[in-house]
Amino acid sequence: RKEVEQDPGPFNVPEGATVAFNCTYSNSASQSFFWYRQDCRKEPKLLMSVYSSGNEDGRFTAQLNRASQYISLLIRDSKLSDSATYLCVVNTFYNFNKFYFGSGTKLNVKP
Amino acid sequence: DVKVTQSSRYLVKRTGEKVFLECVQDMDHENMFWYRQDPGLGLRLIYFSYDVKMKEKGDIPEGYSVSREKKERFSLILESASTNQTSMYLCASSPWAGAGELFFGEGSRLTVL
């Protein structure tokens, strides 16, 4: 079983739509959670960290559900520039700072 | 601005050649990582280092070695390149164990013919 699983998509949505991605992780000892954004042929960049209480950054909201071992990312009022692949990343402290990546969810925002 | 710099963006090598991929970070981070990224497989950890001269195997170390002689520099070495090592190679660094964000270089796209 993979450490981190994501729906690869693609999610094709019109501009202005709200879209949500989920990601599940298998290790209950996971401690840190992140969403990264990766544009085509570019390196991943941190979009936001995910805190236990949930957090919001403008149009982006991230939630963590430890009981069910999933994290989510909600994007409101989608923009064309949101088109990218979104990577779910999980970190387990005891394992020498190894980060586990989902294979990514592709989002296409259409005019 | 934080910076992770990879020496080559694009390389083309022949089977059997020795390949060096260099990575330098200017953030004084303890941890450095080498990943490869392939379509459908996501990012897979090759090696990581948590201190100078220290290294740990990741999930797919076979066919690779690494060197960290200075804190800011982490090199990935392909002793004898093979076609199945054609991939995007990403270097990353992070400031501390357990909770740090990963900062990535721009990637090195290696093609082995």
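The coordinates are above.
1. A look at the environment of Pro111 of chain A
All names here are of chain A.
Now for step 1: Among the structural elements, Pro111 can be located in the segment after strand E11 (105-110).
Now for step 2: Along the chain, Pro111 and Glu43 lie 68 residues apart, while their C-alpha atoms are 25 Å from each other.
Now for step 3: Once you skip the residues sitting within four places of it in the chain, Pro111 turns out to touch Glu15 and Leu80.

2. Let's talk about the nonpolar core
Residue and element names in this part refer to chain A.
Now for step 1: Core analysis: the biggest nonpolar cluster contains 24 residues, and Phe21, Trp35, Ile71, Leu73, Ile75, Tyr86 and Leu107 have the highest contact counts within it.
Now for step 2: Sorting the residues of this core by element identifies strand E3 (19-25), strand E4 (32-38), strand E5 (45-50), strand E7 (60-65), strand E8 (70-75), strand E9 (84-92) and E11 as the ones contributing at least two each.
Now for step 3: Not counting chain neighbours up to four residues away, the residues in contact with Leu73 comprise Val19, Ala20, Phe21, Trp35, Leu47, Met48, Phe60, Thr61 and Tyr86.

3. As for the pattern of salt bridges
Residues and elements named next belong to chain A.
Now for step 1: Counting across every chain of the model gives 12 salt bridges over all chains.
Now for step 2: We note a salt bridge from Arg59 to Asp82, for which the minimum N-O separation is 2.8 Å. Highlighted residues: Arg59 in the loop between strand E6 (55-57) and E7 and Asp82 in the loop between E8 and E9, separated in sequence by 23 residues.
Now for step 3: By relative accessible area, Asp82 is classed as buried at 3%.

4. Some remarks on the packing of aromatic side chains
Now for step 1: This structure, assessed with the given rule, holds 14 aromatic pairs over all chains.
Now for step 2: The interplanar angle of 80 degrees and the centroid separation of 5.2 Å between the aromatic rings of Phe11 of chain A and Phe21 of chain A together place this pair among those described as edge-to-face. Of this pair, Phe11 of chain A sits in strand E2 (residues 11-14) while Phe21 of chain A is found in strand E3, placing the two residues 10 residues apart along the sequence.
Now for step 3: Residue classification places Phe11 of chain A among the partly exposed residues on the basis of a relative accessible area of 23%.
Now for step 4: Note on Phe21 of chain A: relative accessible area 1%, which makes it buried.
Now for step 5: With 5.7 Å between their ring centres and 80 degrees between their planes, Phe99 of chain A and Phe33 of chain B make a pair best called edge-to-face. One end of the pair, Phe99 of chain A, is in strand E10 (residues 98-101); the other, Phe33 of chain B, is in strand E5 (residues 31-38), on a second chain.

5. Quick look at the interface of chain A and chain B
Now for step 1: Counting from both sides, the interface comprises 17 residues of chain A and, opposite them, 25 residues of chain B.
Now for step 2: Both sides of the chain A and chain B interface together cover about 1900 Å² of buried area, and 58% of this is carbon and sulfur.
Now for step 3: Where chain A packs against chain B, one counts zero salt bridges.
Now for step 4: For the pair chain A and chain B, the interface holds two residue pairs in polar contact (both at pLDDT 80 or more).

6. Some thoughts on the state of the cysteines
Covalently bonding the sulfur atom of one cysteine to the sulfur atom of another cysteine gives a disulfide.
Now for step 1: Scanning the entire structure with this criterion turns up two disulfides over all chains.
Now for step 2: Between Cys23 of chain A and Cys88 of chain A runs a disulfide, and the two sulfur atoms are separated by 1.9 Å. Judged by the sign of its S-S torsion, about -65 degrees, the bond between Cys23 of chain A and Cys88 of chain A is left-handed. Of this pair, Cys23 of chain A sits in strand E3 while Cys88 of chain A sits in strand E9, and the two are 65 residues apart along the sequence.
Now for step 3: On the basis of relative accessibility, which here comes to 1%, the residue Cys23 of chain A falls in the buried class.
Now for step 4: With a relative accessible area of 0%, Cys88 of chain A lands in the buried category.
Now for step 5: Across a sulfur-sulfur distance of 1.9 Å, Cys23 of chain B and Cys91 of chain B are joined as a disulfide pair. One quick way to see it: the torsion about the S-S bond of Cys23 of chain B and Cys91 of chain B is about -75 degrees, and its sign makes the bridge left-handed. With Cys23 of chain B in strand E4 (residues 23-25) and Cys91 of chain B in strand E10 (residues 87-94), the pair connects residues that are 68 residues apart, well separated along the chain.

7. Here's the deal with the sheet that holds strand E1 (residues 4-6) of chain A
Residues and elements named next belong to chain A.
Now for step 1: Pairing in this open sheet of five strands is antiparallel, and the strands run E1-E3-E8-E7-E6 from one edge to the other. At either end of the open sheet lies a strand with only one pairing partner, and these are E1 and E6. Strand-to-strand twist across the sheet, computed as the mean angle between neighbouring axes with direction ignored, equals 20 degrees.
Now for step 2: Across six bridges, E3 lies against E8 in antiparallel orientation. Bridge assignment links Asn22 to a residue of E8, and that residue is Ser72.

Analysis parameters
All residue numbers refer to positions counted from 1 along the written sequence of the respective chain. Throughout, the order in which chains and ligands are written sets their labels, letters from A for the former and numbers from 1 for the latter. Where totals are concerned, whole chains, interfaces and linings use all residues; where local detail is concerned, this predicted model gives features only for residues with pLDDT of at least 70, and gives and counts side-chain atom pairs only at 80 or more. Just so you know, side-chain values use all the structure's heavy atoms and leave hydrogens and water out. Think of it this way: any DSSP run of H or I at least four residues long counts as a helix, any run of E at least two long counts as a strand, and we number them from the N terminus. Contacts were defined at the residue level, with two residues in contact if any of their heavy atoms lie within 4.5 Å. The definition of a nonpolar core used throughout is a set of buried Ala, Val, Leu, Ile, Met, Phe, Trp, Tyr and Cys residues joined through side-chain atoms within 4.5 Å. Note on classification: 1.4 Å probe, protein chains only; a residue is buried when its accessible area is under 20% of the maximum for its type, exposed when over 50%, partly exposed between these limits. Salt bridges are defined as contacts in which a side-chain nitrogen from Lys or Arg sits within 4 Å of a carboxyl oxygen from Asp or Glu. Whether two aromatic rings pair depends on their centres lying within 6.5 Å, for rings of Phe, Tyr and Trp, where Trp uses its six-membered ring; planes under 30 degrees apart make the pair stacked, over 60 edge-to-face, and the rest tilted. Simply put, the buried area is the total loss of 1.4 Å probe accessible area from both parts when two parts are fitted together. Two N or O atoms form a polar contact when they lie within 3.5 Å of each other; inside protein one atom must be a possible hydrogen donor and the other a possible acceptor, and for residues adjacent in sequence the pair counts only when both atoms belong to side chains. Cysteine sulfur atoms are paired as a disulfide whenever they come within 2.5 Å of each other. For two strands to be treated as a pair, DSSP must find at least two bridges joining them. Convention adopted: a line fitted to C-alpha atoms gives each axis, helices being fitted over their contacting stretch, and angles between N-to-C directions are expressed from 0 to 180 degrees.

Scope: geometric values only; no functional claims are made or implied.
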